[in-house]
Structure formats: structure tokens, C-alpha cells
Amino acid sequence: QVQLVESGGGLVQPGGSRRLSCAASGFTFRLHAMSWYRQAPGKERELVAGITSTGGSTNYADSVKGRFTISRDNAKNTVYLQMNSLKPEDTAVYYCFAPRLGYWGQGTQVTVSS
């Protein structure tokens, strides 16, 4: 069965960095575009970044452009989200998503606070 397992969340100080990972299984990962979403308390889930199946094209929410980088390693069936210059408003649960399959990971909490 399809599984998406996120890891890497935690508490980070403003201005700090964090790398999230999403390990995929149960489908042919290299054929699928992947996305990262986030949901802050009291807010709707929003798209953070997306990447095509080959990694040749990416897209980002305006709020994270220049600070976050999405990447993937098709040999490891893993998609990453490198987050730099973190701000308190980046605090959220971050989810991995396979759009064509409609599957979500369980989420990983990122808290940006001093």
C-alpha cells in the first residue's frame, strides 16, 4: 500500500534551518510529482512547494520563495524540503502529498520559536 512517512520536524529558532524528508513506498515514486503542504493552527492547509517526477521543475508559494528548496532522490524514494531563514509564521504541520494518487503523509510538526 502507498505510504508517505515524513521526518525531520522539531523546534527551531528564528533564522534557523531544518530539512524535512518524506520516504515513499508502495508506488513507483520516480513516475510521480510530489508536493509539500503545511497547515498552521486555525488556518487552511496550503501548498508550500512542488516538484516534477524527474526533479526538473519546481514551484513554490510566494511566502517561501528564496528560503525553501524542494528536491528529490528517486534512487531513495525520498522527497526533501530544505527550509532556511525560518520565521515564526512558518510554524505548522508539514505534509508530504502525492497529487496523482491523492495520498498524504501523517505530517511532521515544525515550530519556529525562540
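Just above, that's the structure.
Here the structure is a predicted model, which is why all the values come from computation and not from measurement.

Reading guide: rules and limits
- Chains are numbered independently. Their residues run from 1 in the order of the written sequence.
- For a predicted model such as this one, the threshold for reporting local features is a pLDDT of at least 70, and the threshold for listing and counting side-chain atom pairs is 80 or more; totals across whole chains, interfaces and linings nevertheless cover every residue.
- Excluded from the side-chain calculation are hydrogens and water; included are all heavy atoms of the structure.
- Burial here depends on accessible area, computed with a 1.4 Å probe over protein chains only, as a share of the maximum for the residue type. Under 20% is buried, over 50% is exposed, and the range in between is partly exposed.
- Here a helix means four or more residues in a row that DSSP labels H or I, a strand means two or more in a row labelled E, and each is numbered from the N terminus.
- Strands were regarded as paired on the criterion that DSSP finds at least two bridges between them.
- By nonpolar core is meant a set of buried Ala, Val, Leu, Ile, Met, Phe, Trp, Tyr and Cys residues that side-chain atoms within 4.5 Å join together.
- In what follows, a contact means two residues having at least one pair of non-hydrogen atoms within 4.5 Å.
- Here is the rule: rings of Phe, Tyr and Trp (six-membered ring for Trp) pair when centre to centre is within 6.5 Å. Planes less than 30 degrees apart are stacked, more than 60 are edge-to-face, and the remainder are tilted.

Asks: Hey, could you run me through the pairing of strand β7 (residues 68-73) in this one?
Replies: In β7, alternate side chains face the same way, and those of F68, I70 and R72 are buried while those of T69, S71 and D73 on the opposite face are not. As paired strands, β7 and strand β8 (residues 78-83) are joined by 6 bridges and run antiparallel to one another. For S71, the partnering residue across the bridge sits in β8 and is Y80. Where β7 folds back on β8, the antiparallel hairpin that results is connected by 4 residues, among which N77 adopts a positive phi of roughly 55°.

Asks: What should I look at first to understand the nonpolar core in this one?
Replies: One recurring pattern in soluble globular proteins is that nonpolar side chains are buried together. Judged by nonpolar contacts, the single largest core of 28 residues is most densely connected at M34, W36, V79, L81 and Y94. Among the elements of the structure, β3 (18-25), β4 (34-39), β5 (46-51), β7, β8, β9 (92-98) and β11 (108-112) are those that each provide at least two residues to this core. Top contributing element to this core by residue count: β9, with 4 residues. Excluding its chain neighbours within four sequence positions, the residues that come into contact with L81 are R18, R19, L20, W36, V48, A49, F68, T69, I70 and Y94.

Asks: I keep staring at the packing of aromatic side chains and nothing clicks. Help me out?
Replies: When we look at a pair of aromatic rings, we describe it by the centre distance and by the angle of the planes. In total, this model carries 5 aromatic pairs according to the counting rule given. Where F27 meets F29, the ring centres are 6.2 Å apart and the plane angle is 55°; that geometry is what we call tilted. Here the two residues F27 and F29 agree in accessibility, since each one is buried. Judged by centre distance (5.6 Å) and plane angle (90°), the rings of Y37 and F97 are edge-to-face. Placement of the pair is Y37 in strand β4 and F97 in strand β9, with a sequence separation of 60 residues. Accessibility assignment for this pair places Y37 and F97 in one class, buried. An aromatic cluster is defined as three or more aromatic residues linked by ring pairs; in this entry it consists of Y37, Y95, F97 and W104.

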